[in-house]
Each structure stands twice: as structure tokens, then as C-alpha cells.
Amino acid sequence: MNNVSGSTPSAEDLSRLANLNEAGHYVVTAHQPGAVVQSVKCSFLAPGSVDVVIAKSRHLEVRQLTNSESDETASLQVVLSAPINGRITTMLPFRHPSSETDYIFFTTEAKQYAVISYVSPESADATAAYNVLTHASGDLADYGLAIRGNEPEMGPIAAIEPNHKCIALHLFEGFVTILSIRKSYRHNPSSSIRQPKKTDAFDFLGHPFHCRIEERDVCSMAFLLSNTTSSRYMPQLAFLHQDSRGNQHVVAHSIDLAEKSLVLHSAVSPLGSNDSKPAHPPLVQYRLKKSRVDGASGLIIAVPPARWKGNADEDAVTSGMRSNLGPEDELLPFGGILVLGERQITYHDTAKNVTKILPTSQFLAITYAHVHPSVANASSEQDVVRYLLGDEEGRIHILAVVRNTNGEVSGLHLDTLGVTSISSSLLYLERGLVFVGSQTTDSQFIQILDKPVQISGGESDGNSSLLDGRNLTYINVLDEYTNLGPIVDFDMVPTSHHSYGVKNTTDRQCMAVTASGTHKDGSIRFVRNGVGLIEHAAVELGGIKGMWNVRKSFYDNDDAFLIQSYVGETRILGVVEEEESGEDSEDGGEAGATLAEVSISGFDETKTSLFAGNIMGDPSSDRTVIIQVTESEIRLISLIGSKCLASWSSPEGGAITIASANEAGQVVIVTRGGNLVYLEVKGTGQSFQIDVIMNKELGQEISCIDLSPFDSKTSSEKSAMDVEFSSSMEIDRDERPKNDIQKSKLVAVGLWDDCSVLILSLENSTPLKVHAQLDLSTNTSKQKGFETAGTGQKMVRSLSLVTIGSSAASNDRSLDMLFIGLGDGSLVSFTVGDTDDGQWFFTSRKDVSIGTRAVTLVPFENRSGRGGKCVLVTGDRPTVIYLSGGSARSSKNAKLCYSSIHLSSNDDEYDDAIGQPSKGSGPLVANVASPFHSSSLFGEYESENSGNYSLCISDDSYLRLGVIDSMEKLHVTTQKLGMAPRKVAYDEISRMLCVACIDHGMTSNQNGPGGETNMGNCVRFFDDSSFEEIDRIDLNPYEMILSMIITRMKIDTDGSVSEAVNGKQAGEMDSCDGYRPYLVLGTGFGYPNEDEPSRGRIIVYQCKTGCSNNIFSRRVKQVAEVQVKGGVFSLCPFYNGTILASMNSKTRLCKLIGTPENHDVLDLKIVGAGHHGHIMSLHVKSLAQDHEDNPDTKNVEQLAIIGDMVRSISVVKYYTEFQTLEEVARDYNQNWVTAVEMLTDDIYLGAENFNNIFALQRNPRSSSEEIRCRLDTVGQFNLGEMINKFMRGGLVVLNHNSATSSLGAEEAKVDSMSSDDTIGSPDYSPRIGSQTLFGTVDGTLGSIIGLDASTTAFFNALQKSIANVVQPIGKLKHSEFRSFRGQRSRQNSRGFIDGDLIESFPDLDSSIMSSIVEIMNKEGKWNITTTPSDNEDSANHGAKTVLTVDDVLSMVEDMSMMH
């Protein structure tokens, strides 16, 4: 398409442009899944360690118990987090005789299994991915297809034989699969990630054999525990199953490992048995069987027999255990079984003919944990086995099975301890420490107390318990671990409210607000990207040119003065205690402090300051000396003596233009004409002097300098992304002596003329010797089109030599870096290193576009953890650069992270004028900045939020003082609801969150069908900052909230839908033309005797704001409703201020009708002929809001897509002249759609119930009617999790200099299409299209980003190369995991890029990265713009033909910054 310069693109042109950036789609996780599927306790990391291995969907997380000696300080620290190519369904730990640590067996949803173990990084297997070895793996899916087996209704179940002889799996109805464990297996350490060992796949686990069982509906399965490891008896596998009449029974079968068969309970003897057979089943009368147990039972627990001493290998048992066994124990070796029912708990032992029943109040146990094994003691009268039980309400109970001295169970006792999160997994660790894993809310690490404690506040908060009507609990919550799942719904909330009327959330910084959790654990979660600056003060001060923080004494921790430089003057703000300012403290507590303007004797406030800071001479010198550099001189001022100690000015009288100094007394200044002067401050006692060390005439104008010393002693010649740190770089900052003031060996000098940086020496032997010149306008690859530096605004504006370190307490690694800020908002970074002979090198260049303004670099120290240094980048998009990863126990390499800063006001007051934000609600812009730490100003806040650090930031008008968050990419804030949320929407005008909830309190409706009880639905309204509940609306009995949106609707007064908005802009429509924001609810009545709703309502509410007696008020008022036939499953905004509603199998158009006399009297009408013919229309979406700002609105097709329960996705078009919705295209595949989204007018995204994602494309310009009516599948991908919602937008505001959005920035899009930049050039960045967020049942918040064809080809080649080179955990193939899977079919993935796999590239070993890039170059499919035959022509035109590791790293890092 050729776009004429100066012309406005038409709607058709924009559609084609949008489609070009949707050639492929990049699927990446922003927040990892948090739902705990299962967890196990074992010694996985090291012998004797207490580790918790947690399965979180497609991730494996290992936490280790630390500080276990002290219960109060005990914690579970994450040591390992590894991706699994599959969704984990079951997991079992066991100890193999060949290992001192435990192995993990797990299965996946695709019926694959694997056995893994952990190896330390120092071992021979350190090259294994994530330090995890795979000992066995296999696939059982083919057998399921052969028998056409159905999956069990209760899901997959796994159990391991107590003596680790075999593993039993129930994966298909009517079958059990047995895997024998071979004790003779020995691991060969030579196998690694790059050279996998070629051995028999069944060396560790024998060939699986499948046995048919009579029990089809198996609810639970467990091996019976034995008091002997003798091979005399076969393992006994017990089943809790349900028959066709709903009755539940317990029965045990024997497993014949020798014959690879199952001996059923009723069999008299094993088939083909003889006297020489080594193992036999117990006698028939001793085999476990119990009929008609509690009909609501869900779990069985194998109870150990008397004198049970735990699991042991057969070689270790001999005398110790068997000597205590009598004849009865040999005859009756197995223990009984506990059946956990809803109304009773049953203990049964058929062999001893013992049955004990404990009636319970109605509760259903869903998890359990064995507290302590039963240990026989001859002197004790009783033997007690204890279990922790977790029920569906989140209560934790303790069940005691009591035996008498004869070993017979004499009773069952149950006590309630308290309330926690609703558990999906329960682990007792030691000494009352328990891990509570949850799928519905945050997991918890709790401590069981010996005595109950009072709950503070007098009320239960959802994590406590009211025991027997008393406000007591035995549970103390030590820690909580974030889980967003299940994400039922989410919406986007802008972090600043300066731009009301901007409807596209991709144009401003937003955070996601999710409706998460179920039942009492329901909550609202705020998820934001970047670092928040909590503003504590803001004063109107413009024109600040520079700022520096100064301490009273050199070794003080707190800053005392903030030096501000203006044109022609300098001002000083100082920390003033309240007593000093003469203000009395009213409450008699600790006096606070303020920043007030002060003066320092000897400080020249009549001139512009170029630099100010603390300085130190020798140890005996004055420690209160500060340095000030003005345009005419250098001054040393003593704060104690209140005088100027020394000064220096240029002998030639030249003006100083630029200055920089450090605390060691090194000073470098620039005078006019490019003259560089190096000086040193020397002091003894009260005597100071400034000596000139060297002058150097550069002959070029200098733009900036920096001589900050590196904190590390030496540097390592490694990439910033794959650096392998030497021991010399591992510095413990807490152990460094305070008098270790390091001098800088280098000074960096930026030049105006040619966009380059000089690196000069400050060594005494060779002062100001040029070590290197970094020419930013060229590159070793001589890329075409890059020779633009030195013109326009691409000039060096700021420099920073800094040792950047991690803020994590467990990370002791750092990087020596050079950061270069350019005038166009770009940032260039290099890794700095030196050799033994004093040579310096600068490698791993990285170009990042931060914003559009010139940037300034401000290093500051993060006081959290080990106190690593970070760098603040100022500009129109302030950003913090910090180091992440690379800890000693992590398999990840250290890498730089870029997090944008956004403003979070600390004021609880609401803005008085809507649309006129206060100074704290706008976007954060930083011209100059300085760190400023004061315990007097922030002591209370920083004590509660350790690790946060305060900054002073100045823009064109305001000076702000605030505290930044911890250095994390995503921040999650939780607000408890106490009930289950269903929908969430945000109203920006009234600043309210609207949350549709299910009140878990049951209400009775005697007038309803059959007098049934129901759970009430309601809508609650909260303030967006304080989360104070403003209003609540309760719906009718049996009425369920199915959909909810906030949209702007147009009030029509003539009874017809307007065809267009007459070219009015969004802001005009808000103030006139009848466009107003409304909350629209879609409901359905779910009566017990109906399979689907037969009636429902569409209700319209208006959130009105007002001010009375200077008190801001908000109220919610119903303005219209309409009764419909069927449930309103989905609503979406449509064109011209209308909405679309899907009702059962129909989709209809609705509009608001008002009277000309009074627009407040409204009626909601269903107009025109809707669309019929779907099975169940669950979702409807359109791009109406994105097209509102398009001046060519009249020519835009009014399209929408409908997601059906069976018939996948259809496209409908509204014809205004006929007021009719008609289907114009559809997908003819059968997909049960769970979420849909329109990316462009022609490309659509869908998710379905088998955890797949698919992309569809419409071909409206085809000449064939058949092709125009069919949606082609252009992408298929298995995510591994069920998606509940798609929503256009992202958590990151994209910089249009480097990327373009699908429907905005038209001119940038046109320019990008004609750009000559190629992959591998420094100016190239991935060109992206749409951004779509998704939320899953397991708590994953992810992003799907559209890519152009060249970027798609590059990442597709990288994805295949990584999958081919890196051996995955469990040897589960990436291609099989990401294949589009149905119930009985599988198709290869296409059209999607696995972003999680792509972004694991920087974490790989450098040699593996090189191998991956080598494969990419060999295949040559990464660049679709050239072919091997075109290499010569491409080289002549500057096109990249050979990739390097740095090229790939640059692309991956650019992509990781876009989500």
C-alpha cells in the first residue's frame, strides 16, 4: 500500500496496516500461575533438607525451610522455579537406594510421566537445565487412544507403594496402570543437557502394564501400609469408588509385579500361582473391603498398623523391624483405612474386623497431611496417629486415631484448629509448621500453636477462626504466597487520570484489576507493572537545572540538604526538626521533620551550581566538607566551621561549563573550548587544598562527564546477560569497611560533535590517557541506515559509570556498567571490564528506547537486601534499571531489568474537580532527580516497607518528594471481599470499582420453586484508592450476574439509532450529544428446575457524583432495564452509543431512549432484528470503542464476533439501514469457546476448553463468496491453562519510536513499513501490533502481542532452535506440549510464538546460546527478507546475514520490555 504524504489513511488502509502486524502472535506470561495443584514434602535439594516441591500448573517450584530452629523466623524461600512442558496433574516423592536425596515422579495432563532429581551446580551434572536431571520418562496417551478410554471424572490419581516397589496410576476409567521401580538403577553422571545419555527408557521404571478393574468411578486410591517389607505379600491397592446407584464402597486389590497383573479382591489365588511363587495376596477373609460407606466420601487414608516404623528399604529392615513382629503381625501385615465422609469419618480394618465411626458436623475434607508416624512404645498406654484435615470452607482440623496397648484402634477424636485459605494441598513440615497450598487464593505458611490465641479486632478476617463461638484460633499465619487464580474477570485501571476521554488503554499506563478467588477467599487484586513512586510532598518549583543530596557528616546515613541549581542562583532545602522550627508537638510523641529553605555559610548561592556533594580527605580530615562547583570556581565548605576552606578557579579565567566529582576527592571539570582539567582534593585535619593533576585539550565541545568509581575490585569479561561471575566480583557490601573510599580509575567524556564517548584514565601514572573511544554512530556490522547519530537530537547528554547490583538479599553479584543517555530518549549500555595489564574493554552493547526526551542518569542505592545500586533514567518515561537473577543457587544468569516509574498519590482525598486532576494524579515526568534519604522524614514509612528508597524528582513545574517501591517487575495488591467475585469493571469518572459478587451466605426463598435456598448476587461499589465501600445493590432471588460492562451510551430521542456521530470528537460527545457513561448488568434467573436460564434482565445504572457542603459524594442509581428471554451471557459496547447483548442463542442490539424534555427519563430498548442460530452465545466483542476516534467512521464496517459454546466464532455485521445483524463469516471447526477478542477487523483470537488458543482471519476482499464466508485458522497453540477472559491493552505503555500499536499512530506505522532497518541492526526493534491481556483459571496473567512477518520468522526460528538444543525437564518435548490438542486429536502449533521459551534464552549457558545461534544461521530461516542467493546483494545493501549472540539477546530483551 502506498500512502500519499500528508493524506489521512482511510478505514480500509488502516485495516490493512493493522493486519500486517498480526502475521504472528507472541504469547508470554507476565505473572506466573499461582494455583497449587499439588505439593509434596521431601529432601529434594540436599540430604536432610526440608523442601516443599509445588506443582503450579506448568511450573515446578521448590521452596526450602530455613531458620527452622526458630518458629517465629522460619520461612519457605524459593530456591528453584522451572517450567514444565505440560500441565502437572499428580506428583509423588520417593527415595531410591542409589541416591541420598529424594526423586520426584509426576504426570501431566497429556498422560506423560517423568522421574526427576536435583543436582547441585558444582556436580558433574551442573549443565542440566535448571540443575534438574531426568531419570525416566514415558507417554501413556497412546494406550488411552487404543482402548478409547475416558478420563476419570475425579481426575488422574497416583499412589506409590510404601516400600517404593511400584507406582499406581488411574488415568482411564476401568483401568489402573502400574509402573515398577527398579532398585538396581544407577545414574550415569556423564549425561547432560548437551550430551544426553542414550540408554533404555525403562532402566529406571519398568514397562508399564495396564490392568482392568471393575470399579469405574474411582474417587480415591491409596496403598495399604504394612509393618514389614517382606516380599511375602503383594502390595495392596485400595479404592474408594461409587456404583451406578450412588453408593460408595472401599475395596483393595493385590498387585502381582512378577506376573504384571492385578489380583482382584474376590480371587482365591493368583492366576497361575504355585508354591514357588515369591509373593501372595493375603487370605480372602483378611482382604480389605467395606461396602456402603458415607455417600459423600471423597478421600481414603491408609492408616499404619501397630508397631509401624515408617517406610524402609528391604535391605535395611532385617533385624530391627522384623524382630518386633509376632505371628499375628506376619498373618495380618496391613493396616486399616480411614474414609473421610461429609457426615462421618470411618475407620475400617477387615482383617481385624474393626470399624469405628466418628459422626461429624457437615463438612467435606478435601486435603489431609500425616502429622507424625505412629511409634510403638512399650511403656505408653496409647498409640496415636494424627492427621491434619482441610475442608471446603478453609477450616483446619486435627484427627487423632487412638490405639490401645494391644494395637487395636479404640477411638477417633476430631478438633478444629482454625481457618486458613481453602486448601488444595496440605503438608506438615515439622514442629507445628504447615504449608497450605491453595488453588482459589493465596497459599500460606502457618504455625500451629500449643494454646489458642485471641483474634485481634474481635472479628474473623477470613484467615482466622471463631472456635465454638469464641474468638480464638490455634493458627498463626507466618507468610502468604500470591495467587491470582482463579481470575474470573479483570479490567484495566489507569494509574493516572490526566487523560479522561482516552478510551484506548494502550495509550497510557494502566494496571489490571482482577476478580480472583472463590467463596470466602474472594478478592480484588491490583496488578501493576513497574515501580510506583508514592508521593509524600509536592511543591510548585519550576526551573530546576540540577539537584544533589548532601549529608552533614561524611559517614551519616541520612541526607541533610538538597542542593538545587537554577539559572543564576542556587537554593538549599534542609531537613528541619519540628523543635528547631518552633512548632510544638501536640500529642507529645516523636517530633517530625520538614524540608525548609536554609543557608550554608561559605556556600555560594548567587551562582549556578554545576555539582555539589560530600567529599573526604584522609581519615584525620574534617568529615563535614562538601564541594561546590560553579561556573567560575571550585569551593570546599566546612559545615562545622561554616566557612570556605579552599577554592580554585581557572588561571586563564575561562568559565567552567561541566563538572563531576566523587567522594574520594577526584574532580574533573570542562572549560570552554573543550579543555579537560583533572584535579584532586587533599586534606589533613582542617587544611584542604585543590591540586591540578593534568590538563588535556580535546579540541571538541564536551557534553557531559562522569567519574564515579566502580564498587567491584575488578571486572569480568562477560556479557551483561550471560556473565559468569568470578569470585572477585562477589562482594558483600555489609562487610565492606566504611573508610574504604574507592578512587575512580576512569572518567567518561561525552562529545557534542560526533556522538561518541571517550574513556580516559585517571591512574597516577597515565592521567587523562585515552583508553577507548566509543563511537555510537557506527557498529561493527556497519548497518545501513544507522549513520544518523550526530544529527538531530541523537547526541550524548548523560553518562554513568556504575556497579549495578541486585537488591535481592540472596544475590551477591554485580556488574560494572557504562550507561549513556542520548538526546532522543535512547539509552546505550556497555559492560565494562579490565585485564591484568590495565587494558579496559566495553562489550555487550545494548540500545534501549526509554522515551522521547533527553535522559539524565542518576545512580542511587537501594537499601533493601544487600543494597545493590540502581540507576534512575529521567525523561518523559522515568525508568529504573536494576539487576535481577544470577544468585548463587539460581540457574538464571544476571540480567538488567527496566521498570518504568509511575506516580501513586498518598493523599486519600478525592480530586475536587473531575477531569481537573491534582498535581499528584498526572503522568510522572522527570527532568532532574536526586536520591534523598532521611529517617526523620520517612522513618515510619520505611520501617514498615523495608527496602524502599526516597527520591526527589523535578519536572517543569513541581518538585516531588516520594518513596519508590521494591524493585520488582510486577506488584500485586490484595483487597479481601469475603465473598466470591464474578465480574469487575472500573468507572473512571466516578473513580469507583464495580464488583459483582456471590454472597456465600445462603438465603431461603419459600416462594421459589420447591422452596429452594439460593446464594444471593450483588454489586458492590468501592473507592479506587481507599477501597471504602460506597454502595451495594442486591439482586432478586435466583438472579445471577452473568455479564457487566461500563460503557458510554448515547441517548436517542427520536426512536432510531443514529448512523454516525456526525464527526464529533470523544471529548465533545462526553459533554454534549447525549453520550454518558453507564454501568450495564446482564443477568439470568437460575431456577433449580431449569437447565438454562429462561429469563433475565439488562439493567442500566448511572454513577452520579456531587459535592455538598464541601463533601464529595457518589451514588448509584438505576435508570433503565429491559426483561429478556434467556440469560444475558455477554455484553459489549457497539457503534453509535449502543450495546450488543447475547441471550442464550440470540444476539440483539440495545439502545437508550430518552425524551427531548428530560434526558433523565430513560428506557432501554431492543431494536432491529438480531442474530439467531447459535447453540449458546457465550461471548460477544467488537472494536467500536477503538474506531470512535477515526474520522472515517462512516465507512467503518460495524462488525462484532460471537463466541459459541459449540460453533466456535462467528462474525456478524450490523446494517444500519435495515437495523439488522447478519452473519458474514464463521469458523466451521467445533470449539467450546471460553474467551474471544477482536484484534483487528479481520483477525480474531479465541480460547477453548481444552486449554488451546487459536487465531482466525477473515478474507473480505476475496473474489470467492465461499472464502469470504469462511474464517481461516491462521494460528493454533496450547497454553496449558484455561483462559477466562481476553482484553485489549497491556501493562506497559509502548514507545511508538520503537513499536506501533494496531490501530493508533498511523503515520508511525506507515513509516515503519518503509524502514530500512533490519534484524541485528542497533536501531531495529520488534514491530508489534495488537496487545491483548488474558487471565486464566490458574492465576496466570499474560499477554498476546501481534508481530509482523519478519519478527515472527525470527522468533519462530529461535524457538525451534532452543527446543532442539535444550533438553527439557522430564524430556517432555516442547513441540508436543504446544500442539493444539482436542479430546482425541492433536495438531502442530503454528502462528504463535512461545514467549516464555524465547525469554529463557538469556538464562542459558553462553556455549548453549552460541549453539542455538549457530543453528539459526545454518538454517537461515530467521530472516525472510533475504534468501541465501541474495546474500551478496544483501551484504552490499547493509542487510544482516549472520546473527551473533548479542543480536539475539538484543531482540529478546526488546521484546521482554513490551509486556
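Conventions and cut-offs
Residues numbered from 1 in each chain as written. Predicted model: local features only at pLDDT ≥ 70, side-chain atom pairs only at ≥ 80, totals over all residues. Heavy atoms only, no water. Helix = DSSP H or I, 4+ residues; strand = E, 2+ residues; numbered from the N terminus. Buried < 20%, exposed > 50% of the residue type's maximum accessible area, 1.4 Å probe, protein only. Contact = heavy atoms within 4.5 Å. Core = buried A, V, L, I, M, F, W, Y, C linked by side-chain atoms within 4.5 Å. Pairing = 2+ DSSP bridges. Axes fitted to C-alpha atoms, helices over the stretch in contact; angles between N-to-C directions. Salt bridge = Lys/Arg side-chain N within 4 Å of Asp/Glu carboxyl O. Expected span 1.5 Å × (residues − 1). Phe/Tyr/Trp six-rings, centres within 6.5 Å; stacked < 30°, edge-to-face > 60°. Parallel < 35°, antiparallel > 145°, perpendicular 65-115°, else oblique. Nonpolar A, V, L, I, M, F, W, Y, C, P; charged D, E, K, R; others polar. Polar contact = N/O pair within 3.5 Å; in protein donor to acceptor, adjacent residues only side chain to side chain. pLDDT = per-residue confidence, 0-100. Arc of directions from axis to C-beta. Left-handed = near helix turned anticlockwise from the far one by under 90°.

1. Focus on the overall build of the protein
The number of helices and strands found in the protein is 15 helices and 88 strands. Here the protein, with 1459 residues, has 58% of them falling under the buried criterion. When contacts within the protein are restricted to residue pairs at least 6 apart in sequence, long-range pairs at least 24 apart make up 62% of them.

2. Examining the nonpolar core
Counting residues in hydrophobic clusters, the biggest one holds 55 residues, and the most contacted among them are Phe 1355, Leu 1358, Phe 1401 and Ile 1412. Of all the elements, helix H10 (residues 1349-1365) adds the most residues to this core, at six residues. Among all residues touching Leu 1358, those that are not within four sequence positions of it are Ile 1398, Phe 1401, Ile 1412, Met 1416, Val 1448 and Val 1452. Counting 33 residues, the second largest nonpolar core, distinct from the first, contains Val 550, Ile 600, Ile 656 and Val 681.

3. Regarding the sheet that holds strand S47 (residues 702-706)
Across the sheet, four strands lie side by side as S47-S48-S49-S50; this open sheet has antiparallel pairing. Edge positions in the sheet fall to S47 and strand S50 (770-775), since each has one partner strand and no second. Strand after strand, the sheet turns through a mean of 20° between neighbouring axes, direction not considered. Bridge count between strand S48 (residues 746-751) and strand S49 (residues 756-761): five bridges; the pairing is antiparallel.

4. Topic: the pattern of salt bridges
Scanning the entire structure with this criterion turns up 47 salt bridges. Here Lys 520 makes a salt bridge to Asp 521, at a shortest N to O gap of 2.7 Å. For Asp 521, a relative accessible area of 3% translates into the label buried. What you see here is one network of salt bridges that share partners, running through Glu 1197, Lys 1213, Asp 1242, Arg 1258 and Arg 1261.

5. Observations regarding H10
Taking 1.5 Å of rise per residue, the 17 residues of H10 would be expected to cover 24 Å, and the 24 Å separating its terminal C-alpha atoms lies within 8% of that figure. Among all positions in H10, only Ser 1350, Thr 1351, Thr 1352, Ala 1353, Phe 1354, Phe 1355, Ala 1357, Leu 1358, Gln 1359, Ser 1361, Ile 1362 and Val 1365 are buried.

6. Focus: the environment of Ser 120
By the secondary structure assignment, Ser 120 is in the loop between strand S8 (112-118) and strand S9 (132-139). Accessibility expressed as a relative area gives 31% for Ser 120, which makes it partly exposed. Separated by 10 residues in sequence, Ser 120 and Tyr 130 place their C-alpha atoms 9.9 Å apart.

7. Focus on the packing of aromatic side chains
By the definition in use, this model includes 24 aromatic pairs. Geometrically, the ring pair formed by Tyr 26 and Phe 1355 is tilted, given 5.5 Å between the ring centres and 55° between the ring planes. Of this pair, Tyr 26 sits in strand S1 (residues 24-31) while Phe 1355 sits in helix H10, placing them 1329 residues apart in sequence. Phe 1355 gets classed as buried once you look at its relative accessible area, which sits at 0%.

8. Things to note about the packing of helix H13 (residues 1406-1419) against helix H15 (residues 1445-1456)
Contact pair H13 / H15: the axes reach a minimum separation of 9 Å and the direction vectors enclose 95°. As summarised for this structure, H13 and H15 are arranged roughly perpendicular, according to the angle between their axes. Here Met 1409, Ser 1410, Val 1413 and Met 1416 of H13 lie close against H15, whose contacting residues are Val 1445, Val 1448 and Leu 1449. Looking at the contact of H13 with H15 residue by residue, the class counts come to six nonpolar, one polar and no charged.

9. Focus: the side chain of Arg 63
You can see Arg 63 is positioned in strand S4 (residues 59-66). Polar contacts involving the side chain of Arg 63 include one to the side chain of Glu 61, which spans 2.9 Å. Not counting chain neighbours up to four residues away, the residues in contact with Arg 63 comprise Val 50, Asp 51, Val 52, Ile 54, Leu 76, Gln 77, Val 78 and Tyr 481.

10. Description of the confidence of the model for the protein
Residue-level pLDDT values for the protein average 80, and 77% of them are 70 or greater. In the model, residues 190-197 has pLDDT below 50 throughout and makes 22 contacts with residues more than four positions away in sequence or in other chains. For the stretch residues 580-591, pLDDT sits under 50, and the model shows five contacts to residues farther than four places along the chain or on other chains.

11. Overview of the sheet that holds strand S19 (residues 299-302)
Pairing in this open sheet of four strands is antiparallel, and the strands run S19-S20-S21-S22 from one edge to the other. This sheet does not close on itself; its edge strands, each paired only once, are S19 and strand S22 (354-359). On average, each strand axis in the sheet is tilted by 15° relative to the strand beside it, whichever way the strands run.

12. What to know about the side chain of Arg 58
For Arg 58, the location among the structural elements is in the loop between strand S3 (51-56) and S4. Here the side chain of Arg 58 touches Thr 29 through a polar contact of 3.2 Å, side chain to side chain. Looking at Arg 58, its side chain comes within polar contact range of the main-chain oxygen of Leu 1279, at 3.4 Å. Not counting residues within four places of it along the chain, the set of residues in contact with Arg 58 comprises Thr 29, Ala 82, Pro 83, Ile 84, Gly 86, Leu 1279, Glu 1281, Thr 1340, Phe 1377, Arg 1378 and Asp 1396.

13. With respect to the environment of Asp 1447
As for its position among the elements, Asp 1447 is in helix H15. For the pair Asp 1447 and Arg 845, spaced 602 residues apart in sequence, the C-alpha to C-alpha distance is 9.7 Å.

14. Some thoughts on H13
Think of an α-helix as turning once every 3.6 residues; residues three or four places apart then point the same way. For H13, spanning 14 residues, the distance from its first C-alpha to its last is 20 Å, which sits close to the expected 20 Å at 1.5 Å a residue. Buried within H13 we find Ile 1408, Met 1409, Ile 1412, Val 1413 and Met 1416. Buried residues of H13, seen end-on, are gathered within an arc of 135° and therefore sit on one face of the element. Turned more than 90 degrees away from the buried face of H13, the exposed residues are Glu 1414 and Lys 1418. Gly 1420 occupies a position one or two residues after H13 and carries a positive phi of about 70°.

15. Looking at unusual backbone geometry
Phi is mostly negative for residues that are not glycine, and the peptide bonds are mostly trans. Cis geometry is adopted by the peptide bond preceding Pro 486, which originates at Gly 485 and carries an omega value of -15°. Structurally, Pro 486 can be placed in the loop between strand S30 (472-481) and strand S31 (487-494). Positive phi is not limited to glycine here, since Asn 1144 has a value of about 55°. As for its placement among the helices and strands, Asn 1144 is situated in the loop between strand S72 (1139-1143) and strand S73 (1146-1154).

16. Focus on the packing of H10 against H13
Two elements in contact, H10 and H13, have axes separated by 9 Å at closest approach and are oriented at 125°. Taken together, H10 and H13 sit at an angle that is classed as oblique. Here H10 and H13 pass one another in a crossing that is right-handed. Only Ile 1408, Ser 1411, Ile 1412, Ile 1415 and Met 1416 of H13 make contact with H10, whose side of the interface consists of Phe 1354, Ala 1357, Leu 1358, Ser 1361, Ile 1362 and Val 1365. In terms of residue class, the contact of H10 with H13 is built from nine nonpolar, two polar and no charged.

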